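Architecture and fold: a report
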Amino acid sequence: MSLTLILIRHAKSSWDDPFMDDHARVLNDRGRGAAPAIGAWLAAQGHVPDVMLCSDAARTQETAALILPHLTPTPALQLVPALYHASPDMMLDLLRKQTAPRIAMIGHNPGIAMFADAMIEKRPAHPRFGDYPTCATCVITFDTADWGNAARHSGSCTAFITPGDLPIFRA
């Protein structure tokens, strides 16, 4: 049996109010278009998680709310305050406590990008993997039946996509 981890950076947030509390920052129009497009892509590719762990920041919750309607069956959404600007070590600790075979995490940079890089054996050739732009999504599979055995550099990156890769976002 294999396990699947889907790592999603939140969609593009609004900076209209530079003094807004970071935790309360919401998505901008581009982000509100990117998140459902990523949700539709996940569904079309068959990458539907059982559980979606989400930072409790406004922009991650809004990203999840725009992705979830595209996924069938709808994953169980769990807001996890510890994912707000979490380190890769924190994310790995959370992952190892999971029991469902397909887990998604919606988080923030730099942690989500560092975690993706730490968990895969080989980086994808995608030119944007290194900077992991907003709403970038990495699908990683592990050849184990227990998340407790998920180790650094043991996963295979089976897909990496950014909203810019999708036809709707191409100029």
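Our structure is the block above this text.
Every chain is numbered on its own, with residues counted from 1 as its sequence reads. Given that the model is predicted, a residue must reach a pLDDT of at least 70 before its local features are reported, and side-chain atom pairs must reach 80 or more before they are shown or counted; all residues, however, enter totals for whole chains, interfaces and linings. Based on all heavy atoms of the structure, the side-chain values leave hydrogens and waters out of the count.

1. Some words on the packing of aromatic side chains
Two rings belonging to Phe, Tyr or Trp (six-membered ring only in the last case) form a pair when the distance between their centres is within 6.5 Å. Interplanar angles under 30 degrees mark stacking, angles over 60 mark edge-to-face geometry, and anything in between is tilted. Tallied over the entire structure, the rule returns four aromatic pairs. Consider the rings of phenylalanine 129 and tyrosine 132, whose centres lie 6.0 Å apart with planes at 65°: the pair is edge-to-face. Judged by relative accessible area, which is 3%, phenylalanine 129 ranks as buried. When a residue's accessible area, from a 1.4 Å probe over protein chains only, is under 20% of the maximum for its type it is buried; when over 50% it is exposed; and in between it is partly exposed. For tyrosine 132, a relative accessible area of 0% gives the class buried. Put simply, the rings of Phe129, Tyr132 and Phe160 pair up and form one aromatic cluster. One cation-aromatic arrangement involves arginine 25 over tryptophan 15; the distance from NZ or CZ to the ring centre is 3.6 Å. The rule is short: NZ of Lys or CZ of Arg within 6 Å of the ring centre and within 35 degrees of the ring normal puts a charge over the ring.

2. A word on the sheet that holds strand β3 (residues 76-79)
Hydrogen bonds along the backbone pair up the strands of a sheet, which may run parallel or antiparallel. Whether two strands pair depends on DSSP finding at least two bridges between them. Numbered from the N terminus, helices here are DSSP runs of H or I no shorter than four residues, and strands are runs of E no shorter than two. In space, the six strands of this open sheet follow the order β3-β2-β4-β1-β5-β6, with mixed pairing throughout. Of all the strands in the sheet, just β3 and β6 (156-161) have a single pairing partner and so form its edges. Going across the sheet, the axis of each strand differs from the next one's by a mean of 20°, ignoring polarity. Bridge count for strand β1 (residues 3-9) against strand β5 (residues 137-142) is six bridges, and the pairing is antiparallel. Bridged to leucine 3 within β5 is phenylalanine 142. For helices, the fitted line uses only the C-alpha atoms of the stretch in contact; every axis is such a line through C-alpha atoms, and the angle between N-to-C directions lies from 0 to 180 degrees.

3. Description of the pattern of salt bridges
Think of a salt bridge as a Lys or Arg side-chain nitrogen and an Asp or Glu carboxyl oxygen that are within 4 Å of each other. Throughout the structure, instances matching the rule amount to eight salt bridges. The salt bridge involving arginine 59 is made with aspartate 22; its shortest N-O contact spans 3.1 Å. Pair noted here: arginine 59 is in helix α2 (residues 58-67) and aspartate 22 is in the loop between β1 and α1 (29-45), with a separation of 37 residues, a long-range link. Judged by its relative accessible area of 3%, arginine 59 falls in the buried class. Measuring nitrogen to oxygen at the nearest pair gives 2.6 Å for the salt bridge that ties arginine 102 to aspartate 50. Of this pair, arginine 102 sits in strand β4 (residues 102-107) while aspartate 50 sits in the loop between α1 and β2 (51-54), and the two are 52 residues apart along the sequence. Through salt bridges with shared partners, a single network forms among Asp22, Arg25 and Arg59.

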